[in-house]
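Chains, contacts and geometry: an overview
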Amino acid sequence: MRNFNNSNNKNILVVSLFCLTSSSVVHAELLTDVIPDLLKSHNEILAAKADKESASFDLKKEEAAWLPSVDLTLNRGNEKQNKPDAADTNYNRYSYDVALKQLITDFGKTDAAISKSEIGLRKKTADLAAKEQSVLLDGISSYLQVMTASEKLRYAKQYENNMKKQTGMEETRVKIGS
């Protein structure tokens, strides 16, 4: 039965971790390449854009209250009567109704609704801009954290190589007998 001491276990662990970290593929992208895609595909930004679009449609709906409207109603009917003691009847009935309406005044109600919708649209536009800035800030912060971690890893590997080189020199000195 073989007995492993604590030093050997540590060496095996260090070598295993080194193999795992050195075999991973590192793929770096430029920040200028990543940010536009982030701004186009982030869920919070897409939701804010949808809210802004909804507010825009609300404004158009409120503005449409000033436009004229046409109501058209068409009815058609056919009536057949079979009478035992009289002549049968067959009547076709057609009726139509056309109404043209134009809002002249509602004492400020429509204008107030339009103003409220305009304010809502401006708010949703500002919310979208704030959300884009927030996501952009988070993206840049995350990118910088990744770059910092990458630099730390590079320095750690350099330190590890220096330690291996130094350990190799010491082993050589021991072998030479100095």
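A quick note: this is a predicted structure, and the numbers were derived from the prediction, not measured. For every chain, the first residue of the written sequence is number 1, and numbering continues from 1 along that sequence. Only residues with pLDDT of at least 70 get local features here, since the model is predicted, and only at 80 or more are side-chain atom pairs given and counted; chain-wide, interface and lining totals rely on the full set of residues. Processing note: side-chain calculations cover all non-hydrogen atoms of the structure and skip hydrogens and water entirely.

Some words on the overall build of the chain
Let me state the cut-off plainly: Think of it this way: any DSSP run of H or I at least four residues long counts as a helix, any run of E at least two long counts as a strand, and we number them from the N terminus. Only protein chains enter the area calculation, which uses a 1.4 Å probe; residues under 20% of their type maximum are buried, those over 50% are exposed, and those in between are partly exposed. The contact definition used throughout considers only heavy atoms, calling two residues in contact when any of these lie within 4.5 Å. Only the protein chains shown count as cover for residues, and all accessible areas are computed by the Shrake-Rupley method using a 1.4 Å probe.
Each helix and strand counted, the chain has four helices and two strands in total. Every one of the 178 residues in the chain was classed for burial, and the buried ones make up 9%. For the chain, restricting intrachain contacts to residue pairs at least 6 apart in sequence, the fraction spanning at least 24 positions comes to 72%. If you sum the accessible surface of the chain, you get close to 15000 Å²; carbon and sulfur atoms cover 58% of it.

A look at the packing of aromatic side chains
Each pair of aromatic rings is reported with the distance of its centres and the angle of its planes. Under the convention used in this document: Stacked, edge-to-face and tilted labels apply to pairs of Phe, Tyr and Trp rings (six-membered ring for Trp) whose centres lie within 6.5 Å, assigned for plane angles under 30 degrees, over 60, and everything in between, in that order. Two thresholds decide whether a charge sits over a ring: the Lys NZ or Arg CZ must be within 6 Å of the ring centre and within 35 degrees of the ring normal.
Within this structure, the stated rule accounts for zero aromatic pairs. Stacked on the ring of Tyr155, the Lys or Arg Arg154 has its end atom at 4.8 Å from the ring centre.

Some remarks on the confidence of the model for the chain
The cut-off we apply is this: For every residue, the predictor reports its confidence as pLDDT, a number between 0 and 100.
Confidence in the prediction for the chain averages 83 pLDDT; 84% of positions are at 70 or higher. Note on residues 1-25: pLDDT under 50 across the span, and six contacts to partners over four residues away in sequence or across chains.

Concerning the pattern of salt bridges
Just so we agree on the cut-off: When a carboxyl oxygen of Asp or Glu lies within 4 Å of a side-chain nitrogen of Lys or Arg, that pair is called a salt bridge.
This model, assessed by the stated rule, comprises six salt bridges. We note a salt bridge from Asp71 to Lys101, for which the minimum N-O separation is 3.3 Å. Highlighted residues: Asp71 in strand 1 (residues 69-81) and Lys101 in strand 2 (residues 89-101), separated in sequence by 30 residues. The partly exposed category is assigned to Lys101, whose relative accessible area is 47%.

Structural notes on unusual backbone geometry
A negative phi angle is the norm for most residues apart from glycine, just as the trans form is the norm for most peptide bonds. A positive phi angle, close to 60°, is found at Phe107, a residue other than glycine. Tracing the chain through its elements places Phe107 in the loop between strand 2 and helix 4 (109-176).

Looking at the packing of helix 3 (residues 43-63) against helix 4
This is how the line gets drawn: The convention used is that axes are lines fitted to C-alpha atoms, helices contributing only their stretch in contact, and that angles between N-to-C directions extend from 0 to 180 degrees. In these notes the angle categories are as follows: under 35 degrees is roughly parallel, over 145 is roughly antiparallel, 65 to 115 is roughly perpendicular, and the rest is oblique. By convention, the crossing between two helices is left-handed when the near helix turns anticlockwise from the far helix through less than a right angle, and right-handed when the turn is clockwise. Note on residue categories: nonpolar means Ala, Val, Leu, Ile, Met, Phe, Trp, Tyr, Cys or Pro, charged means Asp, Glu, Lys or Arg, and polar means any other residue, Gly included.
Contact pair helix 3 / helix 4: the axes reach a minimum separation of 9 Å and the direction vectors enclose 165°. Our classification of the angle between helix 3 and helix 4 gives roughly antiparallel. By crossing handedness, the relation of helix 3 to helix 4 is classed as left-handed. For the contact of helix 3 with helix 4, the class distribution of residues is nine nonpolar, five polar and eleven charged.

Focus on helix 3
Put simply, the test is: Here, expected helix span is obtained from the residue count minus one, scaled by 1.5 Å.
Compared with the 30 Å implied by 1.5 Å per residue over 21 residues, the 30 Å span of helix 3 between its first and last C-alpha is a close match. Where helix 3 is buried, its residues touch helix 2 (31-41) and helix 4.

Topic: the packing of helix 2 against helix 4
Between helix 2 and helix 4, the shortest axis-to-axis distance is 10 Å and the interhelical angle comes to 145°. In the crossing of helix 2 with helix 4, the sense of the turn from one axis to the other is right-handed. Contacts between helix 2 and helix 4 involve Leu31, Ile35, Leu38 and Leu39 from the former and Glu132, Val135, Leu136, Gly139, Ile140 and Tyr143 from the latter. Of the residues assigned to the contact of helix 2 with helix 4, the class counts are eight nonpolar, one polar and one charged.

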